[in-house]
Amino acid sequence: MTRSLTVEELVNATSEELGTYLRSGALNTNALPRSLDYEGLNIEDWERIKRIHFCLADDVHDFISALPDRVRRIKTEHQRENIHTQGEVRGSINWSATLRTRSESGYADRSRFVCNTPYTEYDIAENRVLKRLLWQIHRTVADELQSVEYDWRQEFWTDDQLASFDRLYKQNVHLNRIKDGPAISVSGQDMTTARQSRLPLYTEAYDLYDMFQRLQADTLDADITELLADTLVVPTDTPTLFELFCCFRLIRTLTRFTPGFVLKPIDGESDALAHLESDDTRIEIHHDSTGSLSFHEPLDTTHRPAHAQYARYHDALIDYSDTLESLTGDSHDPVLYSGRPDFIIEIYDISSDERLDSVVLGEIKYSDATQTFKQGLEELLTYRRFANNNGYLIDNPDITLTSLLITNGVTTPGTSDEVTHLNGTNLFDTGIQHHPDWIPSSLRGPIVPT
């Protein structure tokens with residue numbers, strides 16, 4: 001009997017890759033290991049993703065919540081500067097400088113003064129640390145989080161909280177007197193001054209900005225890995241989590257033979273889950289997307305099949321289309337077939353021109369039920385027949401077509417030339433000594449040691 005994987009195992013096994021996941025789910029509540037290892041993991045736009053995780057941290061949320069009261073007591077320094085005036089006096093008169101100024105005009109204008117005028121200085125070390133931190137938070141929540149509609153965003157940044165912070169950052173009279181965040185350069189001495197401040201506003205700003213800098217530098221100290229673990233967005237739909245686990249593990253396996261894969265953020269902005277491009281090969285991995293392929297077959301309504309049973313099915317599809325429009329007003333072109341595999345791996349030869357060389361179609365079922373296995377197998381074999389890229393792939397001898405069915409505990413004693421069946425536990429194998437059957441021959445290079 002093949003063992004099934006639990007939700008905790010799935011999250012723990014993909015915790016690093018789940019850092020790229022920003023779609024429907026919930027903030028992590030599982031007890032993850034605090035030693036996340038991102039070494040060798042290439043993530044596109046990783047700096048942006050880390051900023052998003054930072055802004056989901058409890059400490060950041062608490063800091064921003066307390067900010068409206070604290071910013072009223074922002075620290076300043078009182079300075080004096082020499083101001084040239086005419087006809088008025090601002091502050092105490094600097095007589096030596098005044099006489100020098102008057103002498104330049106031959107003492108003709110006795111209304112000219114140089115005054116030692118007091119002013120309030122906001123550009124001090126503590127405020128530079130504070131404003132730079134707030135700028136990093138504000139640009140992230142405004143540009144990245146505000147448009148997110150998933151529940152995990154609302155858990156920490158409600159619409160009201162976003163609007164309140166935006167007003168505070170843009171309109172607060174004290175914050176506006178500090179230089180704009182992008183123009184601020186925070187020095188080590190600035191950080192030391194903020195750390196030694198007696199005001200919690202600045203000591204906490206130091207702690208957070210120090211954490212932010214270490215996060216961006218990939219200095220994975222214990223508090224950094226804990227932040228990343230606690231702010232993972234984990235799919236609450238377990239089959240989706242299992243699908244991501246399988247895709248991430250397949251990518252890890254492919255990396256053993258073709259290093260250089262780049263993970264893409266899973267935020268709805270890109271169809272690809274990961275990609276790789278070398279001098280002669282481009283590989284794209286798609287999850288919950290058809291990529292460049294089509295699995296849609298419209299019904300030919302101009303020719304009724306001669307075979308009686310096929311003709312009857314043809315008529316039933318047309319009846320459905322016509323009746324649906326009659327009852328609901330919704331138009332619906334008759335469709336012979338429409339589907340979408342759980343994942344697709346497309347491999348292109350780009351050495352001379354862009355040519356599709358190999359395709360791996362995959363179906364994933366989070367189940368150990370025999371009936372579910374049969375359903376997945378039927379779906380996968382149908383995808384094989386209808387996969388189209390300027391022609392049916394199965395009819396093209398120049399394209400290697402591989403099919404992979406992954407389940408969570410189904411035992412199959414036999415083998416097939418059309419389909420490779422794996423279980424989730426098979427994907428934990430890190431001691432690979434040979435090329436798995438599902439990897440196309442064009443990718444079977446030397447095995448890279450882990």
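I will try to describe carefully the structure that is included in this document. (Residues numbered from 1 in each chain as written. Predicted model: local features only at pLDDT ≥ 70, side-chain atom pairs only at ≥ 80, totals over all residues. Heavy atoms only, no water.)

### Overview of the packing of helix H3 (residues 58–70) against helix H10 (residues 200–216)
Line of reasoning, step 1. Closest axis-to-axis distance for the H3/H10 pair is 11 Å, and the angle between their directions is 155°. Here H3 lies roughly antiparallel to H10, going by the angle between them. Every pair of crossing elements has a handedness; the one defined by H3 and H10 is left-handed. Where H3 approaches H10, its residues Asp59, Val60, Phe63, Leu67 and Arg70 are matched on the opposing element by Pro200, Leu201, Glu204, Ala205 and Leu208.
Line of reasoning, step 2. Taken together, the residues of the contact of H3 with H10 sort by class into seven nonpolar, no polar and three charged. (Axes fitted to C-alpha atoms, helices over the stretch in contact; angles between N-to-C directions. Helix = DSSP H or I, 4+ residues; strand = E, 2+ residues; numbered from the N terminus. Parallel < 35°, antiparallel > 145°, perpendicular 65-115°, else oblique. Left-handed = near helix turned anticlockwise from the far one by under 90°. Contact = heavy atoms within 4.5 Å. Nonpolar A, V, L, I, M, F, W, Y, C, P; charged D, E, K, R; others polar.)

### Considering the sheet that holds strand E15 (residues 419–423)
Line of reasoning, step 1. The strand order across the open sheet built from eight strands is E2-E7-E8-E9-E12-E13-E14-E15, with neighbouring strands paired in mixed fashion. Edge positions in the open sheet fall to strand E2 (42–43) and E15, since each of these has one partner strand only.
Line of reasoning, step 2. Sheet analysis places strand E14 (residues 400–407) next to E15, joined by five bridges and oriented parallel. Opposite threonine 407, over in E15, you have asparagine 423 as the bridge partner.
Line of reasoning, step 3. Strands strand E13 (355–364), E14 and E15 of the sheet are contacted by helix H14 (residues 370–386), whose axis makes an angle of about 165° with E14. (Pairing = 2+ DSSP bridges.)

### Here's the deal with the nonpolar core
Line of reasoning, step 1. With 91 residues, the main nonpolar core has Phe54, Ile137, Trp157 and Ile406 as its most contacted residues.
Line of reasoning, step 2. Per-element accounting of this core gives the leading share, eleven residues, to helix H12 (residues 238–257).
Line of reasoning, step 3. Setting aside residues no more than four positions away along its own chain, isoleucine 137 makes contact with Phe54, Cys55, Val60, Ile64, Trp157 and Phe165.
Line of reasoning, step 4. Within the second largest apolar cluster, 19 residues are counted, among which are Leu356, Leu361, Ala387 and Leu401. (Core = buried A, V, L, I, M, F, W, Y, C linked by side-chain atoms within 4.5 Å. Buried < 20%, exposed > 50% of the residue type's maximum accessible area, 1.4 Å probe, protein only.)

### Examining unusual backbone geometry
Line of reasoning, step 1. Positioned with a positive phi, aspartate 218 is a non-glycine residue whose angle comes to about 60°.
Line of reasoning, step 2. Here aspartate 218 lies in the loop between H10 and helix H11 (222–230).
Line of reasoning, step 3. With relative accessibility at 40%, the residue aspartate 218 sits in the partly exposed group.
Line of reasoning, step 4. Phi at asparagine 390 takes a positive value of approximately 60°, unusual for a residue other than glycine.
Line of reasoning, step 5. On the secondary structure map, asparagine 390 appears in the loop between H14 and E14.

### Overview of the pattern of salt bridges
Line of reasoning, step 1. Enumeration over the complete set of coordinates arrives at 25 salt bridges.
Line of reasoning, step 2. Arginine 252 is the partner of glutamate 16 in a salt bridge, and the nearest nitrogen-oxygen pair spans 3.6 Å. Of this pair, glutamate 16 sits in the loop between helix H1 (7–13) and strand E1 (26–27) while arginine 252 sits in helix H12, placing them 236 residues apart in sequence.
Line of reasoning, step 3. Of the residues examined, glutamate 16 reaches a relative accessible area of 9% and is grouped as buried.
Line of reasoning, step 4. Given the relative accessible area of 33%, arginine 252 is considered partly exposed.
Line of reasoning, step 5. A salt bridge links glutamate 17 to arginine 252, with the nearest nitrogen and oxygen atoms 2.5 Å apart. Highlighted residues: glutamate 17 in the loop between H1 and E1 and arginine 252 in helix H12, separated in sequence by 235 residues.
Line of reasoning, step 6. One network of salt bridges, in which partners are shared, links Asp210, Arg214, Asp221 and Asp223. (Salt bridge = Lys/Arg side-chain N within 4 Å of Asp/Glu carboxyl O.)

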